[in-house]
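Structural features, examined
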Amino acid sequence: MGAELSGKVALVTGGSRGIGAAVVETLLRGAATVHYLSRSPADKQAEWERRAADAGAAVHWRQTDITDEDAAAAAVDAVLEEQGRIDVLVNNAGITRDGLVMRMKRADWDAVLTANLTATFVVCRQAVRAMVRARGGSIINVSSVTGLRGNPGQTNYAASKAGIIGFSKSLAKEVAGRGVRVNVVAPGYIDTDMTRSMNEAIRQAVIDMIPLKRTGTVADVAELIGFLAGDRSSYITGQVIQVDGGLAI
Ligand code: NDP
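So, here is what we can say about the structure in this document.

Rules behind the numbers
Residues numbered from 1 in each chain as written. Predicted model: local features only at pLDDT ≥ 70, side-chain atom pairs only at ≥ 80, totals over all residues. Heavy atoms only, no water. Near = heavy atom within 4 Å. Polar contact = N/O pair within 3.5 Å; in protein donor to acceptor, adjacent residues only side chain to side chain. Areas by Shrake-Rupley, 256 points an atom, 1.4 Å probe, with all protein chains shown as cover. 1 Å grid on protein atoms, 1.4 Å probe; cavity = no way out; pocket = protein on both sides within 12 Å on 5 of 7 lines; lining within 4 Å. Sits in = over half its atoms within 2 Å of the grid points. Helix = DSSP H or I, 4+ residues; strand = E, 2+ residues; numbered from the N terminus. Expected span 1.5 Å × (residues − 1). Buried < 20%, exposed > 50% of the residue type's maximum accessible area, 1.4 Å probe, protein only. Arc of directions from axis to C-beta. Contact = heavy atoms within 4.5 Å. Points joined across faces, edges and corners; volume = space filled by probe spheres on them. Pairing = 2+ DSSP bridges. Axes fitted to C-alpha atoms, helices over the stretch in contact; angles between N-to-C directions. Salt bridge = Lys/Arg side-chain N within 4 Å of Asp/Glu carboxyl O.

**Here we look at the site of the ligand**
Neighbouring the ligand are 30 residues; Arg 17, Arg 39, Ser 40, Tyr 157 and Thr 192 lie closest to it. Within the backbone of Gly 14, a nitrogen or oxygen atom sits 3.1 Å from an oxygen atom of the ligand. Between an oxygen atom of the ligand and a side-chain N or O atom of Lys 161, the distance comes to 2.8 Å. Compared with its free state, where it exposes 880 Å², the ligand has 96% of that area covered by protein. When atom positions are compared with the pocket grids, the ligand is found to occupy the largest pocket. Only α1 (18-29), α6 (155-175) and α7 (193-196) provide two or more residues apiece to the shell around the ligand.

Here it is as structure tokens:
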């Protein structure tokens, strides 16, 4: 990516690790000014700051628990107050609390729905008004192939990720007339903290199911998000794009 996001302001939830950190790096490479929300800062924060300054941009960590509705809304407002705009919003933060439905605690259901789906709604609601007023913006919500195909032991996670798809398509229709685009990225098995806990036998079984015969990298997902963030994708909205090595074929 060249400096095609120069002058744009991006907000990324869950930018401290995994896919979100790769998204921050991709947007910085595009010369965007990036704000990210997470409970802890990225290990690379100091390095990112140096790199952003070289590109004439900036990167800011805003310590936020996005499951706290008031805190999440306040973080969005703080970015709008400081920057006057949000051009790109990436709702990436997400969690799992796996278990078979027969044994699933209500608390595990609620935690996953709140972090993955409700927080996406809260952050979108807070940011979209400014985008509508500016007559432009790109929202990218991160779902999962699990939201499309289902997965045993992940009813809560699958429900949250399928919810993101319905939410995003509806929002895309609400705001398209004002020049705001909303798309969904649905990753397959990506090497991050979230999937590293899998045992080796399961991991090999997963790879056997993937037509491209490898798990994905965070960069595989971030590249697509970078494309959807910028003007090269200006005629794409309401789509669910899978980055899964062909898993969902
Ligand atoms: P990680 O567990 O590696 O990172 C999760 C990120 O979300 C961290 O930055 C974490 O920051 C942040 N986060 C979690 N809870 C909160 C919270 N309450 N408030 C603020 N930030 C929070 O996850 P991945 O990178 O693997 O996943 C990123 C997204 O991609 C998720 O939505 C996930 O569902 C989705 N996905 C991942 C796949 C995979 O194979 N890895 C496959 C399909 C989808 P901190 O802990 O500092 O708050």
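**Some points on helix α3 (residues 69-83)**
Along its 15 residues, α3 runs 21 Å from first to last C-alpha, staying within 8% of the 21 Å computed at 1.5 Å per residue. Three or more residues of α3 are buried, namely Ala 72, Ala 73, Ala 75, Val 76, Val 79 and Leu 80. Along α3, the residues classed as buried sweep out an arc of 155° about the axis, all on the same side. Summarising the geometry of α3, the exposed residues directed more than 90 degrees from the buried face are Asp 70 and Glu 81. Residues of α3 that are buried make contact with β1 (9-13), β2 (33-38), β3 (59-63) and α4 (106-134). Measuring from the backbone nitrogen of Asp 70 back to the side-chain oxygen at the start of α3 gives 3.2 Å, which picks out Asp 68 as the cap. Positive phi shows up at Gly 84, right after α3, with a value of about 80°.

**A few points about the layout of surface pockets**
A volume near 1300 Å³ is recorded for the largest pocket. Lining the largest pocket are 48 residues; nearest its centre among them are Gly 94, Ile 95, Thr 96, Tyr 157 and Met 194. Looking at the lining of the largest pocket, the elements that each hand over two or more residues are α1, β2, α4, α5 (145-149), α6 and α7.

**Observations concerning the sheet that holds strand β5 (residues 137-142)**
With parallel pairing, seven strands are arranged side by side in an open sheet as β3-β2-β1-β4-β5-β6-β7. Each having just a single partner strand, β3 and β7 (240-243) make up the two edges of the open sheet. Geometrically, the sheet is characterised by an average inter-axis angle of 20° between neighbouring strands, direction not taken into account. In this structure, β2 lies alongside β3, joined through five bridges in parallel fashion. Residue pairing across strands places Leu 37 opposite Arg 62, the latter belonging to β3. Running over the sheet, α1 touches β1, β2, β3, β4 (88-91) and β6 (180-187) and is turned about 170° from β1.

**A closer look at empty space enclosed by the protein**
Under the counting rule described, the total for this entry stands at one cavity of 30 Å³ or more. If you add up the space inside the largest cavity, you get close to 40 Å³. Every residue lining the largest cavity is listed: Tyr 189, Ile 190, Asp 191, Thr 195, Met 198, Arg 203, Val 206 and Thr 215.

**Describing the pattern of salt bridges**
Summed over all chains, the structure comprises 14 salt bridges. For the salt bridge of Glu 4 with Arg 232, the shortest nitrogen-to-oxygen distance reads 3.1 Å. In this pair, Glu 4 sits in the segment before β1 while Arg 232 sits in the loop between α9 (218-229) and β7, placing the two residues 228 residues apart along the sequence. Residue class for Glu 4 comes out partly exposed when judged on its relative accessible area of 29%. The exposed category is assigned to Arg 232, whose relative accessible area is 54%. With a shortest N-O distance of 3.9 Å, Arg 203 and Glu 200 are connected by a salt bridge. One end of the pair is Arg 203 and the other is Glu 200, both in helix α8 (residues 200-209) and three residues apart, which spans about a single turn. By relative accessible area, which is 53% here, Glu 200 ends up exposed. Connected through shared salt-bridge partners, Glu 25, Lys 44, Glu 47 and Arg 51 make up one network.

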